[in-house]
Amino acid sequence: MRPARALIDLQALRDNYRFARKLAGSRALAVIKADAYGHGAVRCAQALHAEADGFAVACIEEALELRAAGVQAPVLLLEGFFEATELALIAEHRLWCVVHSLWQLQAIEQASLSQPIQVWLKLDTGMHRVGLQPGDYAAAYRRLQASGKVSKVVMMSHFARADELGSPASNDQTAVFRAATQGLGAETSLRNSPALLGWPQLPSDWVRPGIMLYGASPFEEAQANASRLKPVMTLESKVIGVQQLGPGEPVGYGAQFVTDKPMRVGVVAMGYADGYPRHAPTGTPVWVAGQRSRLLGRVSMDMLSIDLTEVPAATVGSPVELWGRNVLANDVASAAGTIAYQLFCNVRRVPLVYQG
Ligand SMILES: *Cc1c(COP(=O)(O)O)cnc(C)c1O
């Protein structure tokens with residue numbers, strides 16, 4: 001059997017969730033969109049079900065997968081509905097629903113629903129992706145309250161630059177939020193992982209941690225709270241071949257790496273078809289036989305090469321960690337010019353093996 005797999009440590013997931021809620025001092029929706037950032041949404045929801053205040057997903061397809069698996073907790077649709085026809089299912093399955101546009105507000109007013117729904121009314125405070133404009137917000141809030149279709153409204157927004165610890169943008173966005181929601185008196189939700197870890201003073205009755213649940217940092221630089229997160233995913237495989245090469249020998253497609261001395265090169269059963277980034281360059285850290293080493297040459301679809309010259313104990317069958325506790329996904333991501341979010345979401349083909 002091919003040795004490539006992703007171990008998922010559900011106890012670390014629970015620990016990270018508890019840490020998020022402790023930091024926030026408020027209720028926390030565990031963000032498990034995109035199949036829990038590649039970790040498996042149903043299993044992650046089940047692992048958190050005894051303690052999570054609720055879950056957040058991107059769309060109704062993801063929410064119905066959770067309901068079909070027996071997840072009864074609140075589930076928020078972060079983009080609301082894409083078509084008004086979804087509203088019947090939203091009411092039937094008691095899903096919470098973001099409203100980010102006036103057309104959605106109108107659709108709710110015109111819908112006939114089996115029961116009132118809970119709405120999270122989104123304000124665009126400066127990210128300029130989705131959300132009502134500040135000048136429209138209070139009126140939209142009052143229309144929802146008057147519609148007879150809504151059981152409760154939570155006021156939400158989203159930060160564009162909370163991962164930049166020196167940026168004034170999050171405080172500016174919060175000021176816009178305060179001004180636009182003044183006097184409305186509903187519960188609020190602003191903070192995502194970087195805002196939760198790095199911006200303790202910002203308000204949020206409900207926080208929405210995503211990446212931090214999976215134990216990766218949203219920051220590029222070291223950050224005290226982020227350093228306490230526990231990696232949940234270990235992407236691992238094994239050495240399946242060893243090459244003893246002289247100087248001047250190319251390795252892999254395109255001869256992107258050429259040895260400059262005698263080298264031992266290990267071949268690992270892991271490639272870009274498994275989600276390992278093809279753009280990771282020579283030098284990207286890997287962990288092999290209990291030691292840190294580096295990627296060599298181009299990543300292939302099913303295999304990649306690593307440096308065993310300084311790892312004499314490594315041989316065919318030696319374990320390799322591509323990311324996990326010893327090599328942080330953040331370190332691989334920064335070497336490959338991407339973020340841990342994308343590495344996790346891209347994991348495929350390898351079996352997810354649950355522990356804890
Ligand atoms: C994805 C998402 C989150 C979670 O973001 P992280 O940076 O992973 O914590 C929170 N809120 C909204 C609206 C999102 O789309």
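About the thresholds
- Residues numbered from 1 in each chain as written.
- Predicted model: local features only at pLDDT ≥ 70, side-chain atom pairs only at ≥ 80, totals over all residues.
- Heavy atoms only, no water.
- Near = heavy atom within 4 Å.
- Polar contact = N/O pair within 3.5 Å; in protein donor to acceptor, adjacent residues only side chain to side chain.
- Helix = DSSP H or I, 4+ residues; strand = E, 2+ residues; numbered from the N terminus.
- Nonpolar A, V, L, I, M, F, W, Y, C, P; charged D, E, K, R; others polar.
- Buried < 20%, exposed > 50% of the residue type's maximum accessible area, 1.4 Å probe, protein only.
- Right-handed = clockwise from strand over helix to strand, strands pointing away.
- Pairing = 2+ DSSP bridges.
- Core = buried A, V, L, I, M, F, W, Y, C linked by side-chain atoms within 4.5 Å.
- Domains from an automatic or database assignment.
- Contact = heavy atoms within 4.5 Å.
- UniProt positions renumbered as here; feature names shortened; annotations may be inferred.
- Axes fitted to C-alpha atoms, helices over the stretch in contact; angles between N-to-C directions.
- Parallel < 35°, antiparallel > 145°, perpendicular 65-115°, else oblique.
- Left-handed = near helix turned anticlockwise from the far one by under 90°.
- Salt bridge = Lys/Arg side-chain N within 4 Å of Asp/Glu carboxyl O.
- Disulfide = S-S within 2.5 Å.
- Expected span 1.5 Å × (residues − 1).
- Arc of directions from axis to C-beta.

Asker: Quick question: what am I supposed to make of the site of the ligand here?
Answerer: Near the ligand lie 14 residues; those nearest to it are Lys-33, Tyr-37, Ser-193, Ile-211 and Tyr-341. Contact distances for the ligand include 2.9 Å between an oxygen atom and a backbone N or O atom of Gly-210. The side chain of Tyr-341 places a nitrogen or oxygen atom 2.7 Å from an oxygen atom of the ligand. Among the elements of the structure, α2 (33-37) and α9 (193-198) are those that each provide at least two residues to the shell around the ligand. Here the shell around the ligand is composed, by residue class, of seven nonpolar, four polar and three charged.

Asker: Any chance you could explain the pairing of strand β7 (residues 150-156) here in plain terms?
Answerer: Where a strand is regular, its side chains alternate between the two sheet faces. Within β7, five of the seven residues are buried, which leaves the element mostly enclosed by the surrounding structure. Between strand β6 (residues 117-122) and its parallel partner β7, the chain crosses via helix α7 (residues 134-146), and the hand of that crossover is right-handed. Inspection of the sheet shows β7 paired to strand β8 (residues 188-189) by two bridges, in the parallel sense. Within the sheet, the bridge partner assigned to Met-156 lies in β8 and is Ser-189.

Asker: Whenever I open this one, the nonpolar core confuses me. Can you help?
Answerer: The tendency in soluble globular proteins is for nonpolar side chains to be buried side by side. Core analysis: the largest hydrophobic core is formed by 117 residues, its most contacted members being Phe-55, Leu-121, Tyr-276, Trp-323 and Phe-344. Examining the composition of this core, we find that seven residues originate from one element, helix α1 (residues 10-24), more than from any other. Each of two domains, domain 1 (10-216) and domain 2 (233-355), supplies a minimum of three residues to this core. Those residues within four positions of Phe-55 in sequence are excluded, and the remaining contacts are Leu-29, Ala-30, Ile-32, Ala-45, Leu-48, His-49, Val-71, Ala-73, Pro-74, Val-75 and Leu-76. Ranked by size, the runner-up nonpolar core spans six residues in total, among them Val-251, Met-263, Val-265 and Leu-296.

Asker: Mind showing me how you'd approach the UniProt feature "domain: Alanine racemase C-terminal" (unreviewed entry) in the protein chain here?
Answerer: In the numbering used here, UniProt assigns the feature "domain: Alanine racemase C-terminal" (unreviewed entry) to residues 232-355. In the segment residues 232-355, helix accounts for 11% and strand for 37%; the C-alpha atoms at its two ends are 10 Å apart.

Asker: It is not clear to me how the packing of helix α6 (residues 102-110) against α7 should be interpreted in this structure. Could you clarify?
Answerer: When two helices pack together, their arrangement is captured by the angle between the axes and the distance separating the axes. As a packed pair, α6 and α7 sit with axes 10 Å apart at the nearest point and diverge in direction by 15 degrees. As the angle between them shows, α6 and α7 are arranged roughly parallel. For the pair α6 and α7, the crossing hand works out as left-handed. Across the interface between the two elements, Leu-102, Leu-105, Gln-106, Ile-108 and Glu-109 from α6 touch Asp-136, Ala-140, Arg-143 and Leu-144 from α7. For the contact of α6 with α7, a count of residues per class yields five nonpolar, one polar and three charged.

Asker: So what exactly am I meant to see when it comes to the pattern of salt bridges here?
Answerer: Once the charged atoms of two side chains with opposite charge are near each other, the side chains can pair. One pass over the full model with this rule turns up 15 salt bridges. Its salt-bridge partner being Arg-18, residue Asp-15 comes within 3.7 Å of it at the nearest N-O pair. Here Arg-18 and Asp-15 lie together in helix α1, a separation of three residues that amounts to about one turn. For Glu-187, the salt bridge identified is with Lys-152, shortest N-O distance 3.0 Å. Of this pair, Glu-187 sits in the loop between α8 (169-181) and β8 while Lys-152 is found in strand β7, placing the two residues 35 residues apart along the sequence. The partly exposed category is assigned to Glu-187, whose relative accessible area is 23%. Judged by relative accessible area, which is 26%, Lys-152 ranks as partly exposed. Among the charged side chains, a network of salt bridges with common partners joins Arg-2, Asp-274, Asp-302 and Arg-349.

Asker: Mind showing me how you'd approach unusual backbone geometry here?
Answerer: Negative phi is the rule for most residues except glycine; trans is the rule for most peptide bonds. The phi dihedral of Ala-36 falls on the positive side, at around 55 degrees, and the residue is not glycine. Following the sequence through the fold, Ala-36 ends up in helix α2. Unusually for a residue other than glycine, Arg-349 sits at a positive phi of about 65 degrees. Note that Arg-349 resides in the loop between α11 (340-346) and β18 (352-355). Among the residues examined, Arg-349 registers a relative accessible area of 45% and is labelled partly exposed.

Asker: Please explain the state of the cysteines as it appears in this structure.
Answerer: A disulfide bridge is the covalent bond that connects two cysteines by way of their sulfur atoms. Taken as a whole and assessed by the stated rule, the structure comprises zero disulfides. The thiol of Cys-44 is not disulfide-bonded; the next cysteine sulfur, from Cys-345, is found 12 Å away.

Asker: Just checking my understanding: could you explain α8 for this structure?
Answerer: An α-helical turn contains 3.6 residues, so any two residues separated by three or four positions project in the same direction. Compared with an ideal rise of 1.5 Å per residue, which puts 13 residues at 18 Å, α8 spans 18 Å between its outermost C-alpha atoms and is within 8% of the ideal. Where α8 is concerned, the buried positions are Ala-169, Ser-170, Gln-173, Thr-174, Phe-177, Ala-180 and Thr-181. Along the axis of α8, the buried positions cluster into a sector of 135 degrees, meaning they face one direction only. One or two positions beyond α8, positive phi appears at Gly-183, with a value near 85 degrees.

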